[in-house]
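What the coordinates show
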Amino acid sequence: FIITKYLDQQLNISTTEFDQFKIYPNPASSYIEILNTRNNYPLNFTIIDSTARTVMKGNLENKNSKITISELATGTYILQIGEKEIQSFRVIKK
């Protein structure tokens, strides 16, 4: 737990919320919803697996976007949102 928390701080990863985004549910089994609290969209997103392989890419088109993750294997992923200023979140797929 301590190592994970330290790495999360070093990598600037949040498990649930950052200033601009709320990610829920987390953990999730079929989808995650992303609430963009600053209303600046569209934004690119990328989901990366534990081997640093990109497994999904797309665009967040509006204030409340849904990403279907049912096809992903169970595990921990990194959700990156943005282009120039990328924000990263840990997402757990059940």
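Scope of this entry: the structure provided in the associated data block. (Residues numbered from 1 in each chain as written. Predicted model: local features only at pLDDT ≥ 70, side-chain atom pairs only at ≥ 80, totals over all residues. Heavy atoms only, no water.)

**What to know about the overall build of the chain**
Spelled out, the test is: Strands here are runs of E lasting at least two residues and helices are runs of H or I lasting at least four, both read from the DSSP assignment and numbered beginning at the N terminus. Categorising residues by exposure relies on relative accessible area from a 1.4 Å probe, with only protein chains included: less than 20% of the type maximum marks a residue as buried, more than 50% marks it as exposed, and the intermediate range marks it as partly exposed. Whether two residues touch is decided by their heavy atoms; if any such pair falls within 4.5 Å, the residues are in contact. Here the accessible surface of atoms and residues is derived via Shrake-Rupley with a 1.4 Å probe, and residues count as covered only by protein chains that are part of the display.
Looking only at helices and strands, the chain features one helix and eight strands. N-terminal to C-terminal, the α/β element order of the chain is α-β-β-β-β-β-β-β-β. Burial status across the chain gives 35% buried among its 94 residues. In the chain, the proportion of contacts linking residues at least 24 apart, taken out of those at least 6 apart, comes to 48%. For the chain, the accessible surface area stands at approximately 6,100 Å², while carbon and sulfur atoms represent 49% of it.

**Some points on the side chain of Gln20**
With respect to the secondary-structure elements, Gln20 resides in the loop between strand E1 (13-14) and strand E2 (21-24). You can call Gln20 buried: its relative accessible area is 6%. Those residues in contact with Gln20 that lie beyond four places of it in its chain are Leu35, Asn36, Thr37, Arg38, Asn40, Leu43 and Gln87.

**Things to note about the environment of Lys94**
Inspection of the secondary structure puts Lys94 in the segment after strand E8 (87-93). Here the alpha-carbon distance between Lys94 and Ile69, two residues 25 residues apart in the chain, equals 9.9 Å.

**Regarding the pattern of salt bridges**
Side chains that differ in charge, positive against negative, can pair when their charged atoms come close. To keep things clear, this is the line we draw: Definition used for salt bridges: Asp or Glu carboxyl oxygen within 4 Å of a side-chain nitrogen of Lys or Arg.
Inspection of every chain in the model, using the stated rule, returns one salt bridge. As a salt-bridge pair, Asp49 and Arg53 come within 3.1 Å of each other at their nearest N and O atoms. A relative accessible area of 13% means that Asp49 is categorised as buried. Residue Arg53 is classed as exposed on the basis of its relative accessible area of 52%.

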